Amino acid sequence: EWKIYPVLMLDPATFDDPNQLDEVFILKTALWSTLLENRSAYSYNENGLLIVPASDLDVAAKKLYGSGVTLKHQTFSEGYEYFYVYDEETNSYSVPISGQTAGYTPKVVKITKNGDVYTLIVGYVAPTTLWNVSAGGGSKESVPDKYLYYDLEKTGGDYIIKAVRAIPADELPEDLEVADYQQINRTQYVDYEQQYKDYLAGLEEQEG
């Protein structure tokens, strides 16, 4: 669960090759993998931003996706408010200490093995909200919104994420609960850069 958390928390679309993922998504997952493992090792600048070496993201990306993935370092944002600024001179990122929240946390319910490939059935558990609180004030047990396959390949002493796949209805164990208010394969990850480009294109069409 800890291994796949930086990927699952952003809820990507399914893929059967990490190179199909967009470059900003890979950067985000590498950054959060780095922060989850090494956050206490980094220092803050005079603006209160955490300074993270880009080389640490390179290492994290290889551990997540294998040697076939290469990061394209760049400044990126979360929405239009939180910016992760890449400084080419220092080869580092300035990271705001607030802003990103996990869309989901993982709940692994089954693992099967075929050679060096481990296939996980993973439940996507949404953060606790007021809808999960009972009338008496107690918190209800969270039920995953959906389940997906995660294929991990054991390479050396590490496990590399090779694919995230939809689970056909007839392969999903019958005893698993799914929250009935969510679409089974809904994806939360948003490419904000593309969203902004689409917005600008719409404005140009209106002006034309």
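See the structure above.
Residues numbered from 1 in each chain as written. Predicted model: local features only at pLDDT ≥ 70, side-chain atom pairs only at ≥ 80, totals over all residues. Heavy atoms only, no water.

**Section: the packing of aromatic side chains**
The geometry of an aromatic ring pair is captured by the separation of the ring centres together with the interplanar angle, meaning the angle of the planes.
Next up, step 1: Overall, the coordinates contain 7 aromatic pairs when judged by the stated rule.
Next up, step 2: Relative to Tyr 93, the ring of Phe 76 has its centre 6.2 Å away and its plane inclined at 55°; by these criteria the two rings are tilted. In this pair, Phe 76 is assigned in strand β2 (residues 76-78) and Tyr 93 in strand β4 (residues 92-95), connecting sequence segments 17 residues apart.
Next up, step 3: Assessed through its relative accessible area of 5%, Phe 76 is described here as buried.
Next up, step 4: With relative accessibility at 0%, the residue Tyr 93 sits in the buried group.
Next up, step 5: Considering the side-chain rings of Tyr 118 and Tyr 159, the 5.5 Å spacing of their centres and the 80° angle between planes classify their relative orientation as edge-to-face. (Phe/Tyr/Trp six-rings, centres within 6.5 Å; stacked < 30°, edge-to-face > 60°. Helix = DSSP H or I, 4+ residues; strand = E, 2+ residues; numbered from the N terminus. Buried < 20%, exposed > 50% of the residue type's maximum accessible area, 1.4 Å probe, protein only.)

**Examining the pattern of salt bridges**
Next up, step 1: For the structure on display, the rule yields 5 salt bridges.
Next up, step 2: The shortest N-O distance in the salt bridge between Lys 3 and Asp 158 comes to 3.2 Å. Placement of the pair is Lys 3 in the segment before α1 (5-8) and Asp 158 in strand β8 (residues 158-166), with a sequence separation of 155 residues.
Next up, step 3: Look at Asp 158 and you get partly exposed, because its relative accessible area is 23%.
Next up, step 4: Note that Arg 165 is salt-bridged to Asp 151, the shortest N-O span being 2.6 Å. (Salt bridge = Lys/Arg side-chain N within 4 Å of Asp/Glu carboxyl O.)

**Quick notes on unusual backbone geometry**
Next up, step 1: Unlike most non-glycine residues, Asp 11 shows phi in positive territory, near 50°.
Next up, step 2: Structurally, the position occupied by Asp 11 is in the loop between α1 and α2 (23-38).
Next up, step 3: Taking relative accessible area as the criterion, Asp 11 reaches 0% and is therefore assigned buried.
Next up, step 4: Even without being a glycine, Asn 91 presents a positive backbone phi close to 50°.

**Looking at the side chain of Ser 92**
Next up, step 1: Relative to the assigned elements, Ser 92 resides in strand β4.
Next up, step 2: Side-chain polar atoms of Ser 92 contact the side chain of Thr 90, separated by 2.6 Å.
Next up, step 3: Setting aside residues up to four positions removed in sequence, Ser 92 forms contacts with Ile 51, Val 52, Pro 53, Ala 54, Val 85, Tyr 86 and Asp 87. (Polar contact = N/O pair within 3.5 Å; in protein donor to acceptor, adjacent residues only side chain to side chain. Contact = heavy atoms within 4.5 Å.)

**Focus on the sheet that holds strand β1 (residues 50-53)**
As a general point, the strands of a sheet are linked pairwise by backbone hydrogen bonds and lie either parallel or antiparallel.
Next up, step 1: Reading across from one edge, β1-β4-β3-β2 is the order of the 4 strands in this open sheet, with antiparallel pairing throughout. In this open sheet, the two strands that pair with only one neighbour each are β1 and β2. Each strand axis lies, on average, 20° off the axis of its neighbour in the sheet, ignoring direction.
Next up, step 2: Of the pairings in the sheet, the one linking β2 to strand β3 (residues 82-87) comprises 3 bridges and is antiparallel in character. Within β3, the residue paired with Phe 76 across the bridge is Tyr 84.
Next up, step 3: Packed onto the sheet, α2 meets β1, β2, β3 and β4 and runs at close to 75° relative to β2.
Next up, step 4: The strands touched by helix α3 (residues 54-65) within the sheet are β1, β3 and β4, with β1 carrying the most contacts at an inclination of about 60°. (Pairing = 2+ DSSP bridges. Axes fitted to C-alpha atoms, helices over the stretch in contact; angles between N-to-C directions.)

**Focus on α3**
Next up, step 1: Spanning 12 residues, α3 covers 17 Å between terminal C-alpha atoms, matching the ideal 16 Å at 1.5 Å per step.
Next up, step 2: Of the positions making up α3, those classed as buried are Ala 54, Leu 57, Ala 60, Ala 61, Leu 64 and Tyr 65. Projected down its long axis, α3 shows its buried positions confined to an angular sector of 110°, all on one face.
Next up, step 3: Elements that come into contact with the buried residues of α3 comprise α1, α2, β1, β3, β4 and β8.
Next up, step 4: Two residues or fewer after α3 comes Gly 66, characterised by a positive phi angle close to 95°. (Expected span 1.5 Å × (residues − 1). Arc of directions from axis to C-beta.)

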